[in-house]
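# Coordinate inspection notes
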Amino acid sequence: MKGFLKSFVLVLVAVLLLAGCTQATVTPSENPTEEPAQTPAYEGYLPQDSEEYKLFGGMQLWYSGFGVRSSYSDMSIRNSTTVTEMTEELDQSEEYPFLRFQVPAGTHEDLYVGVDAGVLEVDLAEYSVVKLAYRSNSTQTVLGTSVESNSYTHQFAAESDAALVGDEEWQEVVIDLNAMLTGDEDALYAEGDDIIKVLFNVFGTGEVTLEEDTYFDIQYISFFPDVETAEGFEPSSQETYLKEYTGADVVYEEVTDEILDEYMSAADQKKEEIINSPNMDLSEVTGRCFYISNNGDDNNDGLSPETPWKTLQKLSDSYAPLGINYTDIVLFERGSVWREGIPVMANMRYSAYGEGEKPRFYRSIDGTGAENWEETDTENVWKYKYPIESDIGNIVFNEGECWGIKLVLDTTTGWTQEGAGMVTNGVDVFNSEPREYTGPDCIVNNLEYFHDVNGTQELYLRCDWGNPGEYFDSLEMSKGQEHVILESGTIFVTFDNLSFMYSGACSIATFGATGTTVQNCTFEWIGGSLQSHDGTTRYGNGFQNWGSCLNLTVKDCYMNQIYDSAITTQFGGDNVSQVDGFIVTGNVIDRANTSVEFFNTGNPENFYKNVRVEDNYMRWAGFHFGHQRPAKNANFYSGSKGADAPFYDSTFQNNVGIYCSRYAIASMSLIKDMPVFSNNVYILSSERSNFSRSSGNIADASGDLYLIPYQERYIKAIVTAGAEQDTKFYYYTGYLFPEEEQGVYYGIGFSNRN
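Residues numbered from 1 in each chain as written. Predicted model: local features only at pLDDT ≥ 70, side-chain atom pairs only at ≥ 80, totals over all residues. Heavy atoms only, no water.

## Here's the deal with the overall build of the protein chain
Scanning the protein chain for helices and strands turns up 7 helices and 58 strands. Across the 754 residues that make up the protein chain, the buried fraction comes to 59%. (Helix = DSSP H or I, 4+ residues; strand = E, 2+ residues; numbered from the N terminus. Buried < 20%, exposed > 50% of the residue type's maximum accessible area, 1.4 Å probe, protein only.)

## Things to note about the pairing of strand β31 (residues 448-451)
Because side chains alternate across β31, one face comprises the buried residues E448 and F450, and the other comprises Y449 and H451, equally buried. The sheet contact formed by strand β26 (residues 405-407) and β31 spans 3 bridges and is parallel. Across the sheet, residue K406 finds its bridge partner in β31, namely Y449. Relative to strand β32 (residues 459-462), β31 runs antiparallel, the two sharing 3 bridges. Opposite Y449, over in β32, you have L461 as the bridge partner. (Pairing = 2+ DSSP bridges.)

## Considerations on helix α4 (residues 257-275)
Compared with the 27 Å implied by 1.5 Å per residue over 19 residues, the 26 Å span of α4 between its first and last C-alpha is a close match. Of the residues making up α4, those classed as buried are I259, L260, Y263, M264, A267, K270 and I274. The buried residues of α4 occupy an angular sector of 120° when the element is viewed end-on, so they sit on one face. Opposite its buried face, α4 presents the exposed residues D257, E258 and Q269, each directed more than 90 degrees away. (Expected span 1.5 Å × (residues − 1). Arc of directions from axis to C-beta.)

## Observations concerning the pattern of salt bridges
What the rule picks out here adds up to 15 salt bridges. When the shortest N-O distance is used, the salt bridge between K406 and D391 registers 3.1 Å. Residue K406 is located in strand β26, and its partner D391 is located in the loop between β23 (381-384) and β24 (392-397); the two are separated by 15 residues in the primary sequence. Here D564 makes a salt bridge to R629, at a shortest N to O gap of 3.5 Å. With D564 in strand β44 (residues 558-572) and R629 in the loop between β48 (617-621) and β49 (635-638), this pair connects stretches of sequence that are 65 residues apart. For the pair shown, D564 and R629 are each scored as buried. Bridged by salt links that share partners, the residues D268, D590 and R619 form one connected network. (Salt bridge = Lys/Arg side-chain N within 4 Å of Asp/Glu carboxyl O.)

## Let's talk about the state of the cysteines
On inspection of all chains with the given rule, the structure shows 0 disulfides. C521 forms no disulfide, and the closest cysteine sulfur to it belongs to C557, at a distance of 4.9 Å. (Disulfide = S-S within 2.5 Å.)

## Concerning the sheet that holds strand β22 (residues 373-375)
Taking strand neighbours across the sheet as the criterion, the 5 strands line up as β22-β23-β32-β31-β26 in an open arrangement whose pairing is mixed. In this open sheet, the two edge strands, each paired with only one partner strand, are β22 and β26. Direction aside, the axes of adjacent strands within the sheet are offset by 30° on average. (Axes fitted to C-alpha atoms, helices over the stretch in contact; angles between N-to-C directions.)

## Focus on the side chain of N545
Here N545 lies in strand β42 (residues 543-546). Among the residues examined, N545 registers a relative accessible area of 0% and is labelled buried. Of note is the side chain of N545, whose polar atom sits 2.8 Å from the side chain of T510. Contact partners of N545, with chain neighbours within four places excluded, come to T510, F511, G512, A513, L552, T568, T569 and Q570. (Polar contact = N/O pair within 3.5 Å; in protein donor to acceptor, adjacent residues only side chain to side chain. Contact = heavy atoms within 4.5 Å.)

## A look at unusual backbone geometry
Positive phi values are uncommon outside glycine, yet H624 reaches one of about 70°. Position of H624 relative to the elements: it lies in the loop between β48 and β49. Residue H624 is classed as buried on the basis of its relative accessible area, which comes to 10%. The backbone phi angle of Y659 is positive, close to 75°, even though this residue is not glycine. Along the chain, the position of Y659 falls in strand β52 (residues 656-660).

## Thoughts on a nonpolar patch on the surface
Among the surface-exposed residues, V427, W465 and Y471 lie close enough to one another that they form a single nonpolar patch of about 280 Å² accessible area. Along the chain, W465 falls in the loop between β32 and α6 (468-471). (Patch = residues over 30% accessible without salt bridge, like charges linked within 9 Å, V, L, I, M, F, W, Y side chains within 5 Å. Areas by Shrake-Rupley, 256 points an atom, 1.4 Å probe, with all protein chains shown as cover.)

## With respect to the pairing of strand β43 (residues 549-555)
Judged from the 3 bridges that link them, strand β38 (residues 517-519) and β43 form a sheet pairing that is parallel. Its bridge partner being in β43, Q519 is matched across the sheet by K555. Here β43 runs beside strand β45 (residues 578-585); their pairing, made up of 6 bridges, is parallel. Each residue of the ladder has a partner; that of L552, found in β45, is F582.

## With respect to the nonpolar core
Residues F332, Y350, F495, F523, F582, Y682 and F691 are the most contacted members of the largest nonpolar core, which totals 73 residues. One finds A267, I658, I683 and F737 within the second-largest nonpolar core, a separate group that totals 22 residues. (Core = buried A, V, L, I, M, F, W, Y, C linked by side-chain atoms within 4.5 Å.)

## Section: the sheet that holds strand β25 (residues 402-403)
Note on sheets: strands pair through backbone hydrogen bonds, and any given pair is parallel or antiparallel. Read from one edge of the open sheet, 4 strands run β21-β33-β24-β25, paired in antiparallel fashion. The open sheet terminates on both sides in strands that have one partner only, identified here as β21 (364-366) and β25. Summarising the sheet, β21 and strand β33 (residues 475-479) pair through 3 bridges and their orientation is antiparallel. From the neighbouring strand, S364 faces β33, where its bridge partner is S478.

## Comments concerning the packing of aromatic side chains
Inspection of the entire model under this criterion finds 40 aromatic pairs. Relative to F625, the ring of W525 lies with its centre 5.6 Å away and its plane at 55°, an arrangement referred to as tilted. Of this pair, W525 sits in strand β39 (residues 522-526) while F625 is found in the loop between β48 and β49, placing the two residues 100 residues apart along the sequence. Taking the relative accessible area as the measure of exposure, W525 reaches 3% and is therefore buried. Residue classification places F625 among the buried positions, given a relative accessible area of 0%. Between Y637 and F652 the ring centres are 5.2 Å apart and the planes differ by 70°, which places this aromatic pair in the edge-to-face class. With a gap of 15 residues between them, Y637 in strand β49 and F652 in strand β51 (residues 651-653) connect regions that are remote in the sequence. (Phe/Tyr/Trp six-rings, centres within 6.5 Å; stacked < 30°, edge-to-face > 60°.)

## Side note on a negative patch on the surface
A contiguous patch of negative charge, built from D167, E168, E169, E211, E212 and D213, is present on the exposed surface. Looking at where D213 falls in the secondary structure, it is placed in the loop between β13 (207-210) and β14 (214-224). The class for D213 is partly exposed, based on a relative accessible area of 41%. (Lys, Arg positive; Asp, Glu negative; His and termini not counted. Charge placed at Lys NZ, Arg CZ, Asp CG, Glu CD.)

## Notes on the side chain of Q570
By the element assignment, Q570 lies in strand β44. Among residues more than four places away in sequence, those in contact with Q570 are N541, Q544, N545, W546, G547, E597 and F599.

## Overview of the environment of A645
Looking at the secondary structure, you find A645 in the loop between β49 and β50 (647-648). Overall, A645 belongs to the buried group, its relative accessible area being 4%. Taking the C-alpha atoms as reference points, A645 and N606, 39 residues apart in sequence, are found 4.8 Å from one another.

Below is the structure:
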């Protein structure tokens, strides 16, 4: 499949940009919902509204096993097992790029492969003649067409089209779609239809015997007002068709040891600075300091390091009686650990005092101790002796030496959820494949576990080394509970120098926050619990805001092993969600599925304004703990999942992204209504990583989602279009970890499942 991606995305990027991509100038607006003015991305392209012809707006191979668009599962090769090979590289001697699919010799049942050309805003009343160039080595199959719109589908009979000319030379075919209609059919187009797809299929019904390996190449698809214009059209040069994306000044080089060490060392140094950040200067505190320590006593007054309180419940009970207010500060002793959430109040600061490690907050159960586990009738499967009411989202052994692989039961089918695929628990590699769950005997792989949260609330863990409570020095079972929840109206809260660990849910969850600041904090082993006990979706972010927010800051924090997003502001629904002022700067984010996410859909009045994602290090996105997600969609930056939330006066700059298992950027658009991307550094695999998962037209977010590989030709195309400015692109080959060679981390396709 790798060859398929290389071929089709090149055609996709080149032609879409050529077809009149436009670049939005992102500027502040008095009315943030007003669409910024559009300007041509590149002089000299044949525009999409040319009177002569229309270039296609997207191209996709049908293949059911790949899932380029999971929401369109019907677009598939009818017998997907017959497709075994795609071309590895483009033939650079060709004048134009092309897409190839290949089927092996032999007898195939109902062979059906095809190419889908998404026609964006093309009025088939005016452009009903199609011209395409193809090449094949077979005369045994035929070229068929069908037309789809919002309101109807026309499937033209195979016999109405000629058999392929199989002389391995490029052939041009002109198809008058209106002329192919019979009297009983509706009109080809309908009033108000805004999306039309024309599909070109190479197929045969019944048994199709191919005497040799058969390929079908497609070079271009264009739309014309009449047959005469179509017959007279021919791309005169690669410059006309492809526009030669070599003019952009792009740094795309193989990373050297020296360059890699430079960025890795800088990230490690920043990480150490965060972990060892000094205590807050208390000289500006005009009110009281309240101290809390594992060595304290709730009978103390809590007003000095010598007389601290002991519990967080004492803090909660003291807010009102003692009139604790914005002039005061709450301080937790370094080296202390609490296994409960922090009760917070608006207009308050929470920080650390003393020396040593930052004060830690866990939302987990300590599972060490042989007495806490009992053997089951299934060899090597152990049951935790006590029922657990909150869903266990992750189990971490020996502070991260290895971790559990969660089995999630789909209660509607009685089977465990599919999609985890090849996984690693930090020690072993295995296929955590779906299975009918009938009891502990179904837990067959080392460190797999099942929590029957909807039934007995029992937790079963397989441990091939004996009693897990005895074998491991530490065993943390993370509950689906947050460390901190800031309800709507809990404004102007600052968290400084705290360590949040072992939560199966989100760590800090705010709702409609204003003035929240998180600084010098660490977040590790967060997420993995079920979002609802009767569902299969798992979740868990480091810092999350839900809904509108104003002036949020997450700076100088270290985040590691996050199941979902390290930092996110999001909303989904009909209500208005507007973000004005969100600063993400100076952070080091390791091993999160998504480093920074902006998720905002549902209302045309939604927007992002004054967003700054700057000077962050993001490493190993999608690797290790979070890779067991069914959705293999790791990225450094995830933009709004709809066109309803544009960005204004926003930047994504001076960030360093090192190693990502899926794609650096996940966004409908790379240009329109987006932050200005500039002065970033990417170090990704040229063999397995993609630069982005974006819409077919990267300039205006129109079209279906496609992958743009992390390879020089595609990088030059997106830089030419204006998607990145003054950015350095480095690539590496080979593998980072041994488990990669066994298929871990690199799932395929897009999925809604988490």
